[in-house]
Each structure stands twice: as C-alpha cells, then as structure tokens.
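Residues per chain, in single letters:
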Amino acid sequence: MLSFTLKRFGSALLVMFSISVLVFLIFFATPGVDPAARIAGRNADPATLAQVRHSFGLDRPMPVRYLLMMRHLLIDRDLESFVNRGSRVIPQILQATPVTLSLVIGAALIWMTAGILMGTAAAALRGKAADPLIMLVGVVGVSLPAYWLGEVVNLVTQKQLHDSVFSWVPPPGYVGLGQDAGQWALHMLFPWLTLALLYAGIYARLLRGEVVTTLNEDYVRTARAKGLSERRILIRHALRCSLIPIVSLFGLDFGALVGGAALLTEVVFGLPGIGKLTYDALQNLDLPVIMGTVLYAAFFVVLANALVDILYARLDPRARHA
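Each residue is numbered by its place in its chain's sequence as written, counting from 1. Reporting in this predicted model follows two pLDDT cut-offs: at least 70 for local features of residues, and 80 or more for side-chain atom pairs to be given and counted; totals over whole chains, interfaces and linings ignore these cut-offs and use all residues. Remark: hydrogens and water are excluded; side-chain values derive from all non-hydrogen atoms of the structure.

A. The arrangement of the overall build of the protein in detail. Elements are defined by DSSP. Helices are runs of H or I of four residues or more, strands are runs of E of two residues or more, and each kind is numbered from the N terminus. Within the protein one finds 13 helices and two strands. In terms of its C-alpha atoms, the protein occupies a principal-axis envelope of roughly 80 × 60 × 35 Å. Contacts in the protein between residues at least 24 apart in sequence constitute 67% of all its contacts with a sequence separation of at least 6. Residue-level accessible areas treat just the shown protein chains as cover; the underlying method is Shrake-Rupley with a 1.4 Å probe. A total accessible area of about 17,100 Å² is found for the protein, and carbon and sulfur atoms account for 65% of it. Any pair of residues with heavy atoms lying within 4.5 Å of one another is described as a contacting pair.

Take a look at the structure:
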C-alpha cells in the first residue's frame, strides 16, 4: 500500500508539472501575442511594459522564463497583478481559500447526507409510490442552475420577504469563522443549501441505482437465505458496497469545487472566494491572477484524484495492480 501511495503521489506531481508547463505556454508562447501587454493589462504605459518584461524575463529563453515564473509563484510568492497594481497574487489566493473551503465543506456535508438518505430510501422503497417521488425531487434539484436559484433565494430573502419571514437573514457577504461563528453560519446557510441542492440530486440518483443493482447480487441472496433482516442487508451489505463509486465521484467534485468551480454561487452571494477572485480577474483580464487561480484549481483536482485512487485501493486491493 505504501508503494502504491508513493507512486500515485509521484504521478500526481508529474501531472502538476505538465499542467504548469501547459498553462505557461498558453500565456507566454501564443504566436503573435505580446505576453508583456497581456500581463500588464489594457492601456499599459511603456514604463509598465518595460517593468513587466524585466520582471518576467521576457527577453530570455523560454525555459528561463518558465523557471522565473515558477520562482515568482512558488518560492518568492511575489507574482504581482499589474491590473490592480501592488496587489500580489498568492496572498489574494490565500485570503480567498478559507471562504471557498467554508462554502464547499458545508455544502458537501449537506449534499452527502441528503444524497445518501434519499438514494437509500428510494432503493428501499423501490416499486412503491415514494420511490419516483424521491427521484423527482432529485431531478428538480439537478435541473435548477445554481446561479438562477441563488438569485431567486436573494430576491425572496433580501427583498420580497426580508421584512417579515426572513428578517433574520443577513445581507450577502462573508464573515470569518474566527470573527463570529454564528454570523458565519448565517451568511453561509443559503449558499450551502443552494450549492448542495444540485449535488444531492445527482448523488441520490446514482446511489439508488447502485443499491438496487447490489440488492440483486448473489451474496445478498445468500444473506437473505441466512435469515438476515432487510434493514441489515440494506445498510451493512448493499449500502456499504454501493458507496465506493460515490466516494470516487465525491473526491472529484470536491476537488473541482475547492478549485473554483463554485464560481457562480460565490458571485451570486457575494462571497470573496477563489471563484469570485477568478471571475473578477477574467472581467479585468488580470492574467497573473488567472494563471495563479488556474494552477491552484489544478492542484486541488489532481490532489483529489490522487486521494480518491488511494482510498479506492484501500477499499479494493485489486486496484493497486490495475
């Protein structure tokens, strides 16, 4: 298991290196485009362009440029945004990361709990009226775009019913957990529910199919023949085996969301997380910030993939030799 873990993290580092090279080439080696002008932003004066060329070594060979960029990003951590002058990229990312983690972790707890309960209940009640009703709720959740649902939630809680039913709802924004835990939870409640609704429906539908398939396996029939109760068969045998693909999917979704895939939810609710930082950078064509957030997102996706593979190998030893 230790050998498999080391190999998996080694391949993850190789993937990260490849992604960094690819991102660097997109920004610095696109034919016919002056990288200094792209980094400095719109209407940059000659002095700024000269400063950018000197800072990024744009008059030097390509491998040297790559090494200089990685040094700015990973060692010196002084990569600077020339659109928002004086604003450094890495501190912005580090400041935004707790916000995104607060959003994604809270939403993940809700969607995993709801998805497992809904999927298990639908499988246990298959053939009865409750089964299609639970799946219908899941389809509704999947069908509602997060940005639209978020706008509707804001409209109802901040305007239409704010003076009556939702007078306790704070305005959109973020309060740190260390500042005030109660206000932190209140500010995050509706963003959590909005983001979780989409994924709960997906996980419920996936889990239901897995549990129903597992309940028809031979070893489940053997368990029934031994006289085990349906509840015990469902929870200890069918649900346990059915959670393996759920864990794999969860790792990928969690990594992508922490990497900034919750962009629309953060923008709608005014949360200054990684997604909002990326959105603002795209609006201003702030390429150093875009490059930093792209590498940040790639890091979490690759890390999540590696952890999922290791967990999968732990649950099923045959995967170590695949």
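Next comes the rest of the account.
B. Local environment of the pattern of salt bridges. Each reported salt bridge corresponds to a side-chain nitrogen of Lys or Arg within 4 Å of a carboxyl oxygen of Asp or Glu. Summed over all chains, the structure comprises five salt bridges. With its nearest N and O atoms 2.6 Å apart, the salt bridge here joins Arg8 to Asp309. Of this pair, Arg8 sits in helix α1 (residues 2-28) while Asp309 sits in helix α13 (residues 287-315), and the two are 301 residues apart along the sequence. Here Asp218 and Arg221 are joined by a salt bridge, their closest N and O atoms 2.6 Å apart. Within this pair, Asp218 and its partner Arg221 are both found in helix α9 (residues 218-225), separated by three residues, close to a single helical turn. When a residue's accessible area, from a 1.4 Å probe over protein chains only, is under 20% of the maximum for its type it is buried; when over 50% it is exposed; and in between it is partly exposed. Take Asp218: its relative accessible area is 55%, and that puts it in the exposed class.

C. A look at the nonpolar core. Here, nonpolar core refers to any group of buried Ala, Val, Leu, Ile, Met, Phe, Trp, Tyr and Cys residues whose side-chain atoms link them within 4.5 Å. Phe28, Phe56, Met69, Trp111, Val211 and Met291 are the most contacted members of the largest nonpolar core, which totals 67 residues. Among the elements that take part in this core, helix α8 (residues 181-215) stands out by supplying 13 residues, more than any other.

D. Here's a closer look at the packing of α8 against helix α10 (residues 230-261). Lines fitted to C-alpha atoms define the axes here, with helix axes fitted over just the stretch in contact, and angles between the N-to-C directions of these axes take values from 0 to 180 degrees. Direction vectors running N to C along α8 and α10 enclose 145 degrees, while the axes themselves pass 9 Å from each other. Relative to α10, the crossing made by α8 is right-handed. In this classification, Asp, Glu, Lys and Arg are treated as charged, Ala, Val, Leu, Ile, Met, Phe, Trp, Tyr, Cys and Pro as nonpolar, and every other residue, Gly included, as polar. Here the residues of the contact of α8 with α10 sort into 19 nonpolar, two polar and two charged. By the definition used in this description, the sense in which the near helix is turned from the far one sets the handedness, with an anticlockwise turn below a right angle giving left-handed and a clockwise turn giving right-handed.

E. The packing of aromatic side chains, seen in detail. Note on aromatic contacts: the rings of Phe and Tyr and the six-membered ring of Trp form a pair at centre separations within 6.5 Å, being stacked when their planes are under 30 degrees apart, edge-to-face when over 60 apart, and tilted otherwise. All told, the structure shown has twelve aromatic pairs when counted by the stated rule. Their ring planes at 80 degrees and their centres at 5.5 Å tell us that Phe24 and Tyr66 sit as a pair that is edge-to-face. One end of the pair, Phe24, is in helix α1; the other, Tyr66, is in helix α4 (residues 62-75), with 42 residues separating them in the sequence. The burial state of Phe24 is the same as that of Tyr66; both residues are buried.

F. Representation of a nonpolar patch on the surface within the structure. Patch building starts from residues that exceed 30% relative accessible area and form no salt bridge, then joins like charges within 9 Å and nonpolar side chains (Val, Leu, Ile, Met, Phe, Trp, Tyr) within 5 Å. On the surface, Leu133, Leu136 and Val140 cluster together to form a nonpolar patch covering roughly 280 Å² of accessible area. On the secondary structure map, Leu136 appears in helix α6 (residues 130-143).

G. Region of interest: α1. With 27 residues, α1 should cover 39 Å at 1.5 Å per step; its first-to-last C-alpha distance of 39 Å lies within 8% of that length. For α1, the set of buried residues is Phe4, Thr5, Arg8, Ala12, Met16, Ser20, Val23, Phe24, Phe27 and Phe28. Helix span is expected to be 1.5 Å times the residue number reduced by one.

H. Quick look at the side chain of Asp131. As for its position among the elements, Asp131 is in helix α6. Leave out the neighbours within four places in its chain, and Asp131 touches Ala122, Leu125, Arg126 and Arg208.

I. Up close: the environment of Ala238. Residue position: Ala238 is located in helix α10. On the basis of relative accessibility, which here comes to 0%, the residue Ala238 falls in the buried class. Taking the C-alpha atoms as reference points, Ala238 and Val212, 26 residues apart in sequence, are found 8.2 Å from one another. Setting aside residues up to four positions removed in sequence, Ala238 forms contacts with Val211, Thr214, Leu215 and Ile233.

J. Fine view of α6. The end-to-end C-alpha separation of α6 is 20 Å, in line with the 20 Å expected for 14 residues at 1.5 Å each. Turning to α6, its buried residues are Asp131, Ile134, Met135, Gly138 and Gly141. Taken around the axis of α6, the buried residues stretch over an arc of 110 degrees, which confines them to a single face. In α6, the exposed positions that point more than 90 degrees away from the buried face belong to Leu133 and Ser143. Along its buried surface, α6 packs onto α5 (89-124) and α8. Along the arc lie the directions from the helix axis toward the C-beta atoms.

K. Representation of the packing of helix α7 (residues 146-160) against α8. Where α7 contacts α8, the axes come no closer than 9 Å and their chain directions differ by 145 degrees. Like other packed secondary-structure pairs, α7 and α8 cross with a definite hand, here right-handed. Contact with α7, carried on its side by Ala146, Leu149, Gly150, Val153 and Thr157, involves Phe190, Thr194 and Leu197 of α8 and no other residues of that element. Residue classes in the contact of α7 with α8 are distributed as five nonpolar, three polar and no charged.

L. Seen up close, the environment of Val152. With respect to the secondary-structure elements, Val152 resides in helix α7. By relative accessible area, Val152 is classed as partly exposed at 30%.

M. Expanded view of the environment of Ala146. Structurally, Ala146 is set in helix α7. Judged by relative accessible area, which is 17%, Ala146 ranks as buried. Sequence separation of Ala146 and Leu177 is 31 residues, and the distance between their C-alpha atoms is 24 Å. The residues touching Ala146, leaving out its near neighbours within four places in the chain, are Thr194 and Thr265.

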